[in-house]
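# Summary of the model geometry
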Amino acid sequence: MTREFVWMIRHIKRSFKYKKWLSSMKDWYRFWTSYYTYNKLAVAKTDCLSIRDLQPCLGDDTAETAIEPVYFYQDTWAFEQIIKVSPARHIDVGSHHKFVAFLSKVLPVLMIDIRPLSLPLETLEFKKGSILNLPFPDKSIASLSSLCVAEHIGLGRYGDSLDPLGSEKAIAELCRVISHNGNLYISVPIDNNNRIFFNAQRAFKEEYLEGLLSPLKIIDRKYIYKNSLLNNKPDEFSIGLYHAVRE
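Residues numbered from 1 in each chain as written. Predicted model: local features only at pLDDT ≥ 70, side-chain atom pairs only at ≥ 80, totals over all residues. Heavy atoms only, no water.

To continue, consider the overall build of the chain. Check the secondary structure of the chain and you find six helices and 10 strands. For the chain, the C-alpha radius of gyration of 23 Å lies well beyond 18 Å, the compact-globule estimate for 247 residues. Across its three principal axes, the chain shows a C-alpha extent of roughly 70 × 50 × 35 Å. A total of 247 residues make up the chain; the buried ones form 38% of that total. A separation of at least 24 residues holds for 58% of the contacts in the chain among residues at least 6 apart in sequence. When the accessible surface of the chain is totalled, it reaches about 15,800 Å², and 57% of it is carbon and sulfur. Side-chain charges of the chain comprise 32 positive and 28 negative groups, with the mean position of each set lying 5 Å from the other. (Helix = DSSP H or I, 4+ residues; strand = E, 2+ residues; numbered from the N terminus. Rg over C-alpha atoms; globule rule 2.2 N^0.38 Å. Buried < 20%, exposed > 50% of the residue type's maximum accessible area, 1.4 Å probe, protein only. Contact = heavy atoms within 4.5 Å. Areas by Shrake-Rupley, 256 points an atom, 1.4 Å probe, with all protein chains shown as cover. Lys, Arg positive; Asp, Glu negative; His and termini not counted. Charge placed at Lys NZ, Arg CZ, Asp CG, Glu CD.)

The nonpolar side chains of soluble globular proteins are, as a tendency, buried together. Phe136, Leu144, Leu174, Leu184, Ile186, Leu209 and Leu213 are the most contacted members of the largest nonpolar core, which has 30 residues in total. When residues of this core are traced back to their parent elements, those giving at least two are β1 (90-93), β2 (109-113), β4 (141-147), α5 (166-177), β5 (178-191), β8 (217-225) and β10 (238-245). When near neighbours in sequence (up to four residues on either side) are disregarded, Leu209 contacts Ile171, Val188, Ile190, Phe204 and Tyr242. Trp77, Val109, Leu147 and Ile224 belong to the second largest nonpolar core, which has 17 residues in total. (Core = buried A, V, L, I, M, F, W, Y, C linked by side-chain atoms within 4.5 Å.)

So, to be careful, I would describe these as geometric facts and stop short of saying anything about function.
In structure tokens:
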């Protein structure tokens with residue numbers, strides 16, 4: 001218990017980022033400089049800014065638009081793969097809501113998740129359910145995606161039950177429902193060895209993941225490494241994107 005407490009204190013100290021704090025002070029300086037300059041430029045008194053209506057958007061004045069690479073690359077990759085096949089209906093299990101929402105605008109989509117979405121969308125059908133017990137018969141789904149989901153199962157991050165074999169059970173359940181000639185689109189972290197980053201996620205050695213997916217054949221794979229989408233697996237931690245088919 002003492003070791004865990006010491007780790008927690010160190011983690012909290014690391015979370016306080018001095019550079020980020022210093023940067024925010026510079027952002028505030030630019031904001032107030034702009035505020036006073038704007039008021040000087042105001043021709044009419046009614047154009048002057050009111051303190052009660054201020055809404056600072058600090059840090060948006062960047063040289064380029066910052067993009068989180070994992071969702072950017074994995075969602076566009078999966079979208080393209082699914083549209084190429086053009087299924088009559090697609091099922092998604094727990095992927096990012098924006099990916100599922102956009103996909104539902106071009107083909108019928110049913111989303112399965114343990115938590116309902118807080119907003120409705122007329123083109124998106126939603127059903128509450130678990131990746132560990134999908135509401136479908138064996139080999140009944142022709143098109144299925146689950147992006148950056150399986151690695152979280154069993155770690156309690158999203159309120160799910162703790163289970164050291166949660167990811168293995170989740171991937172087995174995804175494979176169970178894929179039909180003959182059916183397609184599975186899945187992404188998970190890949191590393192040189194199986195690792196658990198409790199309670200965030202797991203990472204898998206690729207050979208181990210291939211064994212879990214063995215009822216299916218992988219026909220396309222890509223890797224998100226830092227800020228790039230690669231065809232070849234790097235020797236470090238990355239996100240693997242896999243299109244697998246049951247032959």
